[in-house]
Amino acid sequence: DYADVPLVVDSLVKTYADGHRAVDDVSWRAERGQVVGLLGPNGAGKTTTMRMMLGLICPDSGSVHVLGRPVHPGSEVLGRVGALVEGPGFLPHLTGRENLTAYWAATGRPAEEAGIDEALDVAALGGALDRPVRTYSHGMKQRLGIAQAMLGKPELLFLDEPTNGLDPPQIAAMRPILQSYAATGRTVVVSSHLLAEVELTCSHVVVMHAGRVVTAGPVADLLASDDTTVFELASV
Ligand code: ATP
């Protein structure tokens, strides 16, 4: 019974039209309270896996279950999932605050469920919060995107390369944000190609290479192990 397990990924396979098998029999699961790093070099299949977990594309075979419910494009359970994928799109003439308010209004869910102020704390935009997004740096937009994904406090939060465009202190600042989010019994999945970043921000790791899971477990176990493969993969 998986009803209380936030995420179960079972035997996912995805081959693109050109015959390239981007994801080849990927299985793992995430528990409440975990910040899981999906780690691997470019082309490992992280984004493709992420898109299947979000119901954006269908696997050729295998399945994804969120809180016991199967994920497919349009699944109702995706309402309990928040995501940052690629560069988030904002309305450039609206302020950061207005963008989040407008985004939430479009979901049709009650305003009091949004937690806009808490999410905006995460974005740490200071006075820029009330300036148009077109004046923001890439890093500021990235942080606003993370805040947007957190609206409504989804049980599962997927962040695809969220630290893209952030500098090292900003990356380090992500740790307490993600850890405290997960500490409320929620689950965060973060993709990255940098071991150092996963080490900094995650409690658990799933290492992917060439469409497969190479190893998975607590970050501390990985760092303590004699297996150097991951260090070679993740320093690319
Ligand atoms: P990156 O960090 O570069 O995004 P990734 O680990 O997220 O890497 P994917 O984007 O999932 O990897 O890509 C896995 C493989 O599938 C790569 O070899 C990529 O070239 C290929 N691929 C991705 N999208 C497509 C597509 N739409 N059509 C064909 N091949 C694709």
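An account of the accompanying structure is given in this report. These figures come from a predicted structure and were not determined experimentally.

Regarding the pattern of salt bridges
Next, step 1: Tallying each qualifying case throughout the model produces 10 salt bridges.
Next, step 2: A salt bridge links D24 to R21; its shortest N-O distance comes to 3.5 Å.
Next, step 3: The exposure class assigned to D24 is buried, which follows from its relative accessible area of 17%.
Next, step 4: You can call R21 partly exposed: its relative accessible area is 43%.
Next, step 5: R29 serves as the salt-bridge partner of E31, at 3.2 Å between the closest nitrogen and oxygen.

Brief notes about helix α1 (residues 46–53)
Next, step 1: Counting buried residues in α1 gives 6 out of 8 residues, a clear majority hidden from the surface.
Next, step 2: Burial in α1 covers these residues: K46, T48, T49, M50, M52 and M53.
Next, step 3: G55 sits one or two positions beyond α1 and adopts a positive phi of about 70°.

Some remarks on the pairing of strand β7 (residues 156–160)
Next, step 1: Burial of β7 is extensive: 5 of the 5 residues sit out of reach of the surface.
Next, step 2: Side chains of β7 alternate between two faces, with L156, F158 and D160 and L157 and L159 buried alike.
Next, step 3: Note: strand β6 (residues 81–84) against β7, 4 bridges, orientation parallel. Within the sheet, the bridge partner assigned to A83 lies in β7 and is F158.
Next, step 4: Bridge count for β7 against strand β8 (residues 187–192) is 5 bridges, and the pairing is parallel. When the sheet's bridge partners are listed, F158 is paired in β8 with V189.

Here is what the cut-offs are and how they apply
- Residues numbered from 1 in each chain as written.
- Predicted model: local features only at pLDDT ≥ 70, side-chain atom pairs only at ≥ 80, totals over all residues.
- Heavy atoms only, no water.
- Salt bridge = Lys/Arg side-chain N within 4 Å of Asp/Glu carboxyl O.
- Buried < 20%, exposed > 50% of the residue type's maximum accessible area, 1.4 Å probe, protein only.
- Helix = DSSP H or I, 4+ residues; strand = E, 2+ residues; numbered from the N terminus.
- Pairing = 2+ DSSP bridges.

On their own, these measurements won't tell you what the molecule is for.
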